[in-house]
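The primary structure of each chain is shown beneath.
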Amino acid sequence: QVQLVESGGGLVQPGGSLKLSCAASRSIFSFYTMAWYRQAPGKQRELVANIISRGATNYADSVKGRFTISSDNAKNTVYLQMNNLKPEDTAVYYCNAVSVVLEVWGQGTLVTVSS
């Protein structure tokens, strides 16, 4: 089983920044898409951003201009740089990877945006 491990969550004030990391146990070239999702208490899990094998990226409207997804293939790691954080960004953030034959989820990392 491929493993994904998220890190970087924590408490941040509104307007602050955090950078989340998702480390994969094998080359991320194996995956068609890697993505960040988030789920706030009592709400559905939603797609935040994804990056496909060709390098194209997509973002939820709510985070466009504030969040950036990127990858470091040498480190088998995907990142989510989150800037100008808002209280509504508070959620558990999950890394997701999809290949032809499998889909993998990380355990999640909690981001809390509060003053």
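Going by the structure above, here's the rest.
The model shown is predicted, which means the values in this text are computed figures rather than measured ones.

Rules behind the numbers
- Residue numbering note: each chain is counted from 1, following its sequence as written.
- Only residues with pLDDT of at least 70 get local features here, since the model is predicted, and only at 80 or more are side-chain atom pairs given and counted; chain-wide, interface and lining totals rely on the full set of residues.
- As a rule here, side-chain values come from all non-hydrogen atoms in the structure, and water together with hydrogens is ignored.
- Strand pairing is defined by DSSP finding a minimum of two bridges between the two strands.
- Only DSSP runs of H or I with at least four residues qualify as helices, and only runs of E with at least two residues qualify as strands; both kinds are numbered from the N terminus onward.
- Each axis is a line fitted through C-alpha atoms, and for a helix only the stretch in contact is used; angles between axes span 0 to 180 degrees, taken between their N-to-C directions.
- Pairing of aromatic side chains here covers Phe, Tyr and the six-membered ring of Trp, requires ring centres within 6.5 Å, and sorts the geometry by plane angle: under 30 degrees stacked, over 60 edge-to-face, intermediate tilted.
- Think of it in three bands: with a 1.4 Å probe and only protein chains considered, a residue is buried below 20% of the maximum accessible area for its type, exposed above 50%, and partly exposed in between.
- By definition here, charges over rings are those cases where NZ of Lys or CZ of Arg is within 6 Å of the ring centre and within 35 degrees of the ring normal.
- The criterion used for residue contact is that any of the two residues' heavy atoms lie within 4.5 Å.
- Polar contacts, as used here, are pairs of N or O atoms within 3.5 Å; protein pairs need one atom able to donate a hydrogen and one able to accept it. Residues neighboring in sequence count only if both atoms are side-chain atoms.
- Within this scheme, the nonpolar core is defined by two criteria: the residues are buried Ala, Val, Leu, Ile, Met, Phe, Trp, Tyr or Cys, and they are joined through side-chain atoms within 4.5 Å.

K.L.:
Would you mind showing me how to read the sheet that holds strand E8 (residues 77–82) here?
P.N.:
The strands making up a sheet are joined through hydrogen bonds of the backbone, oriented either antiparallel or parallel. Reading across from one edge, E1-E3-E8-E7 is the order of the 4 strands in this open sheet, with antiparallel pairing throughout. Looking at the sheet topology across the chains shown, the edges are occupied by strand E1 (4–7) and strand E7 (67–72). Strand-to-strand twist in this sheet, taken as the mean axis angle between neighbours without regard to direction, amounts to 15°. Pairing of strand E3 (residues 18–24) with E8 involves 6 bridges; the strand directions are antiparallel. By the bridge assignment for E8, cysteine 22 is matched with valine 78.

K.L.:
For this particular structure, what's the right way to read the packing of aromatic side chains?
P.N.:
Each aromatic ring pair is summarised here by two numbers: the centre-to-centre distance and the angle between the ring planes. Scanning all chains against the criterion turns up 2 aromatic pairs. Geometrically, the ring pair formed by tyrosine 94 and tryptophan 105 is edge-to-face, given 6.5 Å between the ring centres and 85° between the ring planes. You can see tyrosine 94 sitting in strand E9 (residues 91–98) and its partner tryptophan 105 sitting in strand E10 (residues 103–105), a full 11 residues away along the chain. Assessed through its relative accessible area of 15%, tyrosine 94 is described here as buried. What makes tryptophan 105 partly exposed here is its relative accessible area of 34%. Over the ring of tyrosine 79 we find lysine 19, and its NZ or CZ is 4.5 Å from the ring centre.

K.L.:
Explanation requested: the environment of glutamine 44 in the structure shown.
P.N.:
Of note, glutamine 44 is situated in the loop between strand E4 (33–39) and strand E5 (46–52). Classification of glutamine 44 as exposed rests on a relative accessible area of 73%. Between the C-alpha atoms of glutamine 44 and glutamine 13, which are 31 residues apart in sequence, the distance is 24 Å. Setting aside its immediate chain neighbours within four residues, glutamine 44 contacts Arg38 and Gln39.

K.L.:
Hey, could you run me through unusual backbone geometry in this one?
P.N.:
In most cases, non-glycine residues show a negative phi, while peptide bonds are predominantly trans. The backbone phi angle of asparagine 76 is positive, close to 55°, even though this residue is not glycine. The phi torsion at asparagine 84 lies on the positive side, around 50°, for a residue other than glycine. On the secondary structure map, asparagine 84 appears in the loop between E8 and E9.

K.L.:
Quick question: what am I supposed to make of the environment of arginine 38 here?
P.N.:
Assignment of secondary structure puts arginine 38 in strand E4. Each C-alpha atom, one on arginine 38 and one on valine 113, is 13 Å from the other, the two residues being 75 residues apart in sequence. The contact partners of arginine 38, leaving out residues within four places of it in the chain, are Gln44, Arg45, Glu46, Val48, Ser62, Val63, Phe67, Glu88, Asp89, Ala91, Val92 and Tyr93. At a separation of 3.4 Å, a polar atom in the side chain of arginine 38 contacts the side chain of serine 62. Side chain to side chain, arginine 38 and tyrosine 93 meet in a polar contact 2.9 Å long.

K.L.:
Whenever I open this one, the nonpolar core confuses me. Can you help?
P.N.:
Generally speaking, nonpolar side chains in soluble globular proteins are found buried as a group. Judged by nonpolar contacts, the single largest core of 30 residues is most densely connected at Met34, Trp36, Leu80, Met82 and Tyr93. The set of elements that each furnish at least two residues to this core consists of E3, E4, E5, E7, E8, E9 and strand E11 (109–113). Sequence-distant contacts of methionine 34, defined by excluding residues within four places in its chain, comprise Leu4, Cys22, Ile28, Ala49, Asn50, Ile51, Ile69, Val78, Cys95, Asn96 and Ala97.

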